[in-house]
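# Descriptive analysis of the structure
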Amino acid sequence: STDGGRNLSLDSILMGLPMSDPTAWATAMNNLGMAPMGMTGQPLLPDFDPALGMMTGIPPINPMMPGLGIVPPPIPPDMPAVKEIIHCKSCTLFPPNPHLPPPATRERPPGCKTVFVGGLPENGTEQIIMEVFEQCGEVIAIRKSKKNFCHIRFAEEFMVDKALYLSGYRIRLGSSTDKKDTGRLHVDFAQARDDLYEWECKQRMLAREERHRRRLAEERFRPPSPPPVVHYSDHECSVVAEKLKDDTKFSEAIQTLLTWIERGEVNRRTANNFYSMIQSANSHIRRLVNEKAAHEKEMEEAKEKFKLALSGILVQFEQIVAVYHSASKQKAWDHFTKAQRKNISVWCKQAEEIRNIHNDELMGIRREEEMEMSDEEIEDPSEMKETEESALVSQVEALKEENDSLRWQLDAYRNEVELLKQEQGKASRDEDTTKEQQMKLLQQALQGMQKHLLKVQEEYKKREAELEKVKEDKLKIETLLENLKEQESSMSRVCACSQEKECPVEKTLSNSPVKSEREVLLVGIISTFLHVHPFGASIEYICSYLQRLDSKICTAEVEVLMTRLQNTFRQELSGVGASLEKRWKFCGFDGLKMT
């Protein structure tokens, strides 16, 4: 037989198929995708090709694949399959009608190893069920019901697919045709808690392996952790202070100092030690500045050397080019051969090109130096001067900063005083006098600092008061400017009105009311306009209409003309108080009767 327990035994097949019909035997073997073999091991079809042995449409099975047996792998739905009769010791399985649709199955549960088998014969026993389904693989358990169905659990998941192949087969026990000895098998996926539990355990194991693999990969690519920083102690503090003074060990010491400060190692007892280390770090700035200045000096010297070397090279190039030019003159040129003249002219061109390139480079360096000098010497003077308000604001900010610094100094002095008080009780009696003097000096210093702080606060308040006064003066000036602008606008209006009123008074002195043809035309147009407006119109409204016809018409001229013609135009006042308005009306029809 082929792979143990998962394929049909050859003995059962040999017992069921007589060798008198080698064609049926070859067809059955061909459906399994195997070369047809006889009882003696000789091939029935010597020219059999497993790749072409798809007479029934079933894809060939690789004999090395796990699960090789009488049931091939799942068949694509679009490929028709022809199933053959399967003979067992106690029963026979007859294939279903190939033209019928394939039997329906439920959705496959995850990790399914259990199948439901229905349609069993009434006289079917567990031994017969085992005989049929052990050909699909190792059977772990069979749970048979009295109602012609059972549940079968296999050892592996792929065995379930082989068992589904038997769905639709008609089963007959022996050669009996009794109804109780026949049935139609229906095989489907079954949902079992054991299968789900095993599948979940397997998934958890795979997840653990994946996490372990990822952790190993992350650890492989993770950068090495920095060396640990030692804990603070007086000894380590002295070591770090010495390292801060050494240029070669400064970077390591400054990192340690930073870590200590961030950890919160600074307190009243260690404040002086940390202050001295910070002071050492500050003194390193001078060394860095000096080092930068030395490097800049070296760079300038290198630039100067390069410039001098380049100028020397250019002088030599000029000399070589001068030699070529002198050789090109007729006095010496006639004595050279053609080839020599050609070489000399080529060399001359090459030398001139190289000389020009080096000359441009030298000129570029000099140009850069001139631009740097001009940038340093010529600085644009600040045209925008700060106002008094901005100056006061900056002074206030400076006073705030000074106030904060003084407050910090006071805190430092207080810390020192408290430290001295703590050490005073432990010190000997001989040192009492010196400590008292120190206390007095510190108290005097504190008093001086407090006085200075009070003065600074008073100055700060004065500056704030001055700033508020400046703001108030600014607001007053802005209001005065607005009032002056309003007065100017009102004065201009009054002047215009007075001029307009004086003009008609002067012009009414003449005897004749209409002096020119232009005035006659104006009188006619105004009369027509006012005739359309029986309730009258203001002089501005009339003039705006006339200025559309002629932009040179003046309001004063029109008003003088209308005042002269009192029988034609009449001025009336309408409105009360602030809404008082002068209106002109046409009264020519009434004036004609009066004249």
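Keep in mind that this is a model prediction, so the values were computed, not measured. (Residues numbered from 1 in each chain as written. Predicted model: local features only at pLDDT ≥ 70, side-chain atom pairs only at ≥ 80, totals over all residues. Heavy atoms only, no water.)

## Some remarks on the packing of aromatic side chains
Note the cut-off: When two rings of Phe, Tyr or Trp (its six-membered ring) have centres within 6.5 Å they constitute a pair, described as stacked for plane angles under 30 degrees, edge-to-face for angles over 60, and tilted for the intermediate range. In this description a helix means any DSSP run of H or I spanning at least four residues, a strand means any run of E spanning at least two, and both kinds are numbered starting from the N terminus. Classification of residues uses two cut-offs on accessible area relative to the type maximum, computed with a 1.4 Å probe and protein chains only: under 20% is buried, over 50% is exposed, and between them is partly exposed.
Enumeration according to the criterion identifies eight aromatic pairs in this entry. Judged by centre distance (5.2 Å) and plane angle (90°), the rings of Y232 and W260 are edge-to-face. Residue Y232 is found in the loop between α5 (193-221) and α6 (234-244), and its partner W260 is found in helix α7 (residues 250-263); the two are separated by 28 residues along the sequence. A relative accessible area of 13% places Y232 in the buried class.

## Focus: helix α15 (residues 555-564)
The buried fraction of α15 is high, at eight of ten residues. For α15, the set of buried residues is T555, A556, V558, E559, V560, L561, M562 and R564.

## Things to note about the sheet that holds strand β7 (residues 182-184)
Let me state the cut-off plainly: Being paired, for any two strands, means DSSP has found at least two bridges between them.
Across the sheet, which stays open at both edges, the four strands sit in the order β1-β2-β6-β7 with antiparallel pairing between neighbours. Looking at the sheet topology across the chains shown, the edges are occupied by β1 (86-87) and β7. Sheet topology places strand β2 (residues 91-94) next to strand β6 (residues 170-173); four bridges connect them, and they run antiparallel. Its bridge partner being in β6, L93 is matched across the sheet by I171.

## Concerning a nonpolar patch on the surface
Short version of the rule: What makes a patch is a set of residues exposed beyond 30% relative accessible area and free of salt bridges, joined within 9 Å when like-charged and within 5 Å when nonpolar (Val, Leu, Ile, Met, Phe, Trp, Tyr). Accessible areas in this description were obtained via Shrake-Rupley with a 1.4 Å probe; residue shielding takes into account the shown protein chains only. Salt bridge, as used here, is a side-chain nitrogen of Lys or Arg placed within 4 Å of a carboxyl oxygen of Asp or Glu.
Nonpolar side chains collect at one region of the surface, where L521, I525, Y545 and L549 lie side by side and expose about 360 Å² of accessible area between them. On the secondary structure map, I525 appears in helix α13 (residues 517-532).

## A closer look at a positive patch on the surface
Formally: We count Lys and Arg on the positive side and Asp and Glu on the negative side, and we leave His and both chain ends out. Every charge is mapped onto a representative atom, which is NZ of Lys, CZ of Arg, CG of Asp or CD of Glu.
A cluster of like positive charges, contributed by R204, R208, R211 and R215, occupies part of the molecular surface. According to the relative accessible area criterion, R208 is partly exposed, its value standing at 47%.

## Some thoughts on the environment of E242
Looking at the secondary structure, you find E242 in helix α6. Taking the C-alpha atoms as reference points, E242 and M277, separated by 35 residues in sequence, lie 9.1 Å from one another.

## A short note on the sheet that holds strand β3 (residues 114-118)
Selection criterion: Lines fitted to C-alpha atoms define the axes, with helix axes restricted to the stretch in contact, and inter-axis angles between N-to-C directions lie between 0 and 180 degrees. Here a residue-residue contact requires only that any non-hydrogen atoms of the pair lie within 4.5 Å.
Within the open sheet, the four strands sit side by side as β4-β5-β3-β8. Their pairing is antiparallel. Looking at strand neighbours, the two that pair on one side only are β4 (139-144) and β8 (186-189), the edges of this open sheet. Neighbour-to-neighbour, the strand axes of the sheet open up by a mean angle of 20°, direction not taken into account. Taken strand by strand, helix α3 (residues 126-133) contacts β3, β4, β5 (149-154) and β8, and its axis lies near 140° from that of β4.

## Here we look at the nonpolar core
What counts is decided by this rule: Side-chain atoms within 4.5 Å are what join buried Ala, Val, Leu, Ile, Met, Phe, Trp, Tyr and Cys residues into a set we call a nonpolar core.
Counting residues in hydrophobic clusters, the biggest one holds 31 residues, and the most contacted among them are V117, F133, I152, F154 and L166. Counting residues per element, the ones that place at least two in this core are β2, β3, α3, β4, β5, α4 (158-164), β6 and β8. Aside from chain neighbours lying at most four places away, what touches F133 is V117, V139, I152, F154, A163, L166 and V187. Judged by nonpolar contacts, the second largest core, of 17 residues, contains F529, L530, A537 and M562.

## Some points on the UniProt feature "coiled-coil region" (unreviewed entry) in the protein chain
Stated precisely, the cut-off is as follows: UniProt positions are given in the numbering used here, feature names are shortened, and annotations may be inferred rather than shown by experiment.
Here, the residues flagged by UniProt with the feature "coiled-coil region" (unreviewed entry) are residues 278-305 and 396-490. With 100% helix and 0% strand, the stretch residues 278-305 has end C-alpha atoms that lie 41 Å from each other.

## Regarding the pairing of β5
Sheet topology places β3 next to β5; five bridges connect them, and they run antiparallel. The residue bridging F116 from the neighbouring strand is H151, located in β5.

## Remarks on the packing of α7 against helix α8 (residues 271-327)
The test is simple: Relative orientations are named as follows: roughly parallel for angles under 35 degrees, roughly antiparallel for angles over 145 degrees, roughly perpendicular for angles from 65 to 115 degrees, and oblique for any other angle. When the near helix sits turned anticlockwise from the far one by under a right angle, the crossing is termed left-handed; a clockwise turn instead gives a right-handed crossing. In the scheme used here, Gly and all other residues not listed as nonpolar or charged are polar, with Ala, Val, Leu, Ile, Met, Phe, Trp, Tyr, Cys and Pro taken as nonpolar and Asp, Glu, Lys and Arg as charged.
Contact geometry for α7 and α8: axes closest at 11 Å, N-to-C directions at 140°. Taken together, the axis directions place α7 and α8 in an arrangement best described as oblique. The crossing of α7 and α8 is left-handed. Of the residues in α8, those touching α7 at F250, I254, L257, W260 and I261 are F274, M277, I278, A281, H284 and R287. Each residue belonging to the contact of α7 with α8 can be placed in one class, and the counts come to nine nonpolar, one polar and one charged.

## Considering the pattern of salt bridges
By the definition in use, this model includes 21 salt bridges. Among the ionic pairs, E252 bridges to K243, the shortest N-O distance being 3.4 Å. Residue R518 pairs with D550 through a salt bridge whose shortest N-O separation is 3.4 Å. On the criterion of sequence distance, the pair formed by R518 in helix α13 and D550 in the loop between α14 (539-549) and α15 is long-range, its members being 32 residues apart. Given a relative accessible area of 36%, R518 falls into the partly exposed group. Bridged by salt links that share partners, the residues K113, R153, D195 and E198 form one connected network.

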